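Single-letter residue listing:
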Amino acid sequence: MSINNSLNHFNVSSAVNIKSKVSLITGASSGIGKATANLFARIGAIVMIADIDEERGKEVTREISTQGFVADFIKLDVTDEASWVSAYEYISNQYHQLNILVNNAGIAFGGSVTELSLQDWRHLMAVNLDGVFLGTKHAIPFMQKSGGGSIINVSSAAGIVGSSTAAAYCASKGGVRLFTKAVALECASAKNNIRVNSIHPGPVATPMFEKGSTWNDFVKQMGGIDEAWKKVSESTPLGRVAEPQEIANAILFLASDLSSYMTGSEIIIDGGFTAQ
Ligand SMILES: NC(=O)c1ccc[n+]([C@@H]2O[C@H](COP(=O)([O-])OP(=O)(O)OC[C@H]3O[C@@H](n4cnc5c(N)ncnc54)[C@H](O)[C@@H]3O)[C@@H](O)[C@H]2O)c1
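The residue numbering used here restarts from 1 in each chain and proceeds along that chain's sequence as written. pLDDT decides what is reported in this predicted model: residues at 70 or higher carry local features, side-chain atom pairs at 80 or more are listed and counted, and totals for whole chains, interfaces and linings draw on all residues regardless. Side-chain figures throughout are based on the complete set of non-hydrogen atoms in the structure, without hydrogens or water.

### Digging into the overall build of the protein chain
Alright, step 1. Along the backbone of the protein chain there are ten helices and seven strands.
Alright, step 2. What the globule rule says is 2.2 Å times the number of residues to the power 0.38, and the radius of gyration is computed from C-alpha atoms. Against the globule reference of 19 Å for 276 residues, the protein chain gives a C-alpha radius of gyration of 19 Å, in line with a compact fold.
Alright, step 3. With respect to the three principal axes, the spread of C-alpha positions in the protein chain is 60 × 45 × 40 Å.
Alright, step 4. Residue burial is assigned from relative accessible area. The probe radius is 1.4 Å, only protein chains are included, and a residue is buried under 20% of its type maximum, exposed over 50%, and partly exposed in between. By the burial criterion, 47% of the 276 residues in the protein chain qualify as buried. A helix here means a DSSP run of H or I that spans at least four residues, while a strand means a run of E at least two residues long, and both kinds are numbered starting from the N terminus.

Structure below.
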């Protein structure tokens, strides 16, 4: 190994380049996944929009394709192993490789742990944790055949610190965080060339918030939707919620060679929430 001034040889635009890389993004019909799909496509990646929501997923795919970028929709239920196997078979037949996997699909609901049913607990774990496990399990051999790859798991600030009203969500996202580190170590070798990292958003302006069963109660308690969003914004030192694009930017960084020496790492994008 020689120590030289590697900056002289560093080409920024080629490091950020994911052009022609085949990427699968789960939960890409909405929110953070949709913003990531749009960003990846604009940089020239071949983007698989994978979601259980077929109607919206096809709409996102059309929007991207009509602008001259490459996107394809795959109906995928992340909780179902057979669904993953057929998604990868499709990609293998059509595009011959898999370079980037973004395990982004997720659901959230709050409420007291004493009122949480085992059925709801299991459903949340199935989407948020089983989904990440299954996607990763079947991506690794495919990426090995493809010459390597980058896996980005979307956890949460709630995977780092607890929240008094979200025990199941915190447990699932904490699980994603350590699953990521364990798999990163398992994959870490120059021969494999597969990196695995997690990202941890704080509050982001997506439909997820408003889908949660406790959102309506919170809105009532705060006296209206604007007041509810104001309260969420005030919980962060930056005083606002993130735009999905701000999370997509970090996902792009982890997908690209700009992060070539990162594996088993976590990026927190939370407006300072967990710094408090
Ligand atoms: N919005 C936030 O404040 C926030 C904060 C931290 C982390 N996150 C995480 O970011 C990720 C994306 O969330 P978002 O805010 O964009 O939510 P969103 O509700 O806008 O999008 C989630 C997508 O996942 C899809 N999905 C749900 N179940 C699925 C399944 N079984 N199989 C395939 N797809 C499924 C939905 O159809 C939807 O398109 C989630 O993992 C979430 O936990 C969100």
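### Looking at the site of the ligand
Alright, step 1. Here a residue is near a molecule or strand as soon as one of its heavy atoms is found within 4 Å of it. Lining the immediate environment of the ligand, one finds 29 residues, of which Ser 30, Asp 51, Tyr 169, Thr 206 and Lys 211 sit closest.
Alright, step 2. Between the ligand and the protein, one listed contact pairs an oxygen atom with a backbone N or O atom of Asn 104 at 2.7 Å.
Alright, step 3. Note that accessible areas follow from Shrake-Rupley with a 1.4 Å probe, and for residues the cover is restricted to the protein chains shown. The protein chains hide 94% of the 830 Å² of surface that the ligand would expose on its own.
Alright, step 4. The set of elements that each furnish at least two residues to the shell around the ligand consists of α2 (31-43), α6 (167-187) and α7 (207-211).
Alright, step 5. Ranked by residues supplied to the shell around the ligand, first place goes to α7 with four residues. Throughout this description, a polar contact denotes any pair of N or O atoms lying within 3.5 Å of each other; where both atoms belong to protein, one of them has to be capable of donating a hydrogen while the other can accept it, and for residues adjacent in sequence the pair is counted only when both atoms sit in side chains.

### Remarks on the pattern of salt bridges
Alright, step 1. The term salt bridge refers to a side-chain nitrogen of Lys or Arg lying within 4 Å of a carboxyl oxygen of Asp or Glu. Enumeration according to the criterion identifies eight salt bridges in this entry.
Alright, step 2. Between Glu 81 and Lys 137 there is a salt bridge, with the nearest N and O atoms lying 3.2 Å from each other. Of the two residues, Glu 81 is situated in helix α4 (residues 81-95) and Lys 137 in helix α5 (residues 118-145); the sequence distance between them amounts to 56 residues.
Alright, step 3. Look at Glu 81 and you get partly exposed, because its relative accessible area is 32%.

### Things to note about the packing of aromatic side chains
Alright, step 1. When the centres of two rings from Phe, Tyr and Trp lie within 6.5 Å, Trp using its six-membered ring, the rings pair. Their planes under 30 degrees apart give stacked, over 60 give edge-to-face, and anything left gives tilted. With the rule as written, the count across this model stands at four aromatic pairs.
Alright, step 2. Ring geometry for Tyr 88 versus Phe 142: centroids 5.9 Å apart, planes at 80°, classification edge-to-face. With Tyr 88 in helix α4 and Phe 142 in helix α5, this residue pair connects regions lying 54 residues apart in the sequence.
Alright, step 3. Residue classification places Phe 142 among the buried positions, given a relative accessible area of 8%.
Alright, step 4. The interplanar angle of 50° and the centroid separation of 5.8 Å between the aromatic rings of Trp 215 and Phe 218 together place this pair among those described as tilted. Of this pair, Trp 215 and Phe 218 both sit in helix α8 (residues 215-222), three residues apart, roughly one helical turn.
Alright, step 5. By relative accessible area, Trp 215 is classed as buried at 6%.
Alright, step 6. Chaining the aromatic ring pairs together yields one cluster made of Trp 84, Tyr 88 and Phe 142.

### Some points on unusual backbone geometry
Alright, step 1. Phi at Ser 20 is positive, roughly 65°, even though this residue is not glycine.
Alright, step 2. As for its placement among the helices and strands, Ser 20 is situated in the loop between α1 (12-15) and β1 (22-26).
Alright, step 3. The backbone phi angle of His 96 is positive, close to 70°, even though this residue is not glycine.
Alright, step 4. Of note, His 96 is situated in the loop between α4 and β4 (100-103).
Alright, step 5. His 96 gets classed as exposed once you look at its relative accessible area, which sits at 60%.

### Topic: the nonpolar core
Buried together is how nonpolar side chains tend to be arranged in soluble globular proteins.
Alright, step 1. Only buried residues count toward a nonpolar core. Its members are Ala, Val, Leu, Ile, Met, Phe, Trp, Tyr and Cys residues joined through side-chain atoms within 4.5 Å. Ranked by internal contacts, the top residues of the largest apolar core, which has 33 residues, are Phe 40, Ile 49, Ile 199 and Ile 251.
Alright, step 2. Every element with two or more residues in this core is listed here: α2, β2 (46-51), α3 (54-66), β3 (71-75), β4, β5 (149-154), α10 (244-255) and β7 (266-269).
Alright, step 3. Per-element accounting of this core gives the leading share, seven residues, to α10.
Alright, step 4. We call two residues in contact whenever any of their non-hydrogen atoms come within 4.5 Å of each other. Once residues lying within four places of it in the same chain are set aside, the contact partners of Phe 40 are Ile 18, Ser 23, Ile 25, Ala 45, Val 47, Ile 100, Val 102, Ile 251, Leu 252 and Ala 255.
Alright, step 5. Listed in part, the 27 residues of the second largest apolar core include Val 22, Ala 87, Ile 91 and Val 183.

### Brief notes about α3
Note on helix geometry: an α-helix contains 3.6 residues per turn, so any two residues three or four positions apart are oriented the same way.
Alright, step 1. Multiplying 1.5 Å by the helix residue count minus one yields the expected span of that helix. For α3, with 13 residues, the first-to-last C-alpha span of 18 Å sits near the 18 Å given by 1.5 Å per residue.
Alright, step 2. Of all the positions in α3, only Gly 57, Val 60, Thr 61 and Ile 64 are classed as buried. Around the axis of α3, the buried residues are gathered within 100° of arc, so they sit on the same side. Counted as exposed and oriented over 90 degrees from the buried face of α3: Glu 55, Arg 62 and Thr 66.
Alright, step 3. Among the structural elements, α2, β2 and β3 are those in contact with the buried residues of α3.
Alright, step 4. Capping of α3 at its N-terminal end is provided by Asp 53; its side-chain oxygen lies 3.4 Å from the backbone amide nitrogen of Glu 55.
Alright, step 5. Once α3 ends, the next one or two residues include Gly 68, with phi positive near 90°. Picture the helix axis, draw a direction to every C-beta atom, and the arc is the one those directions span.

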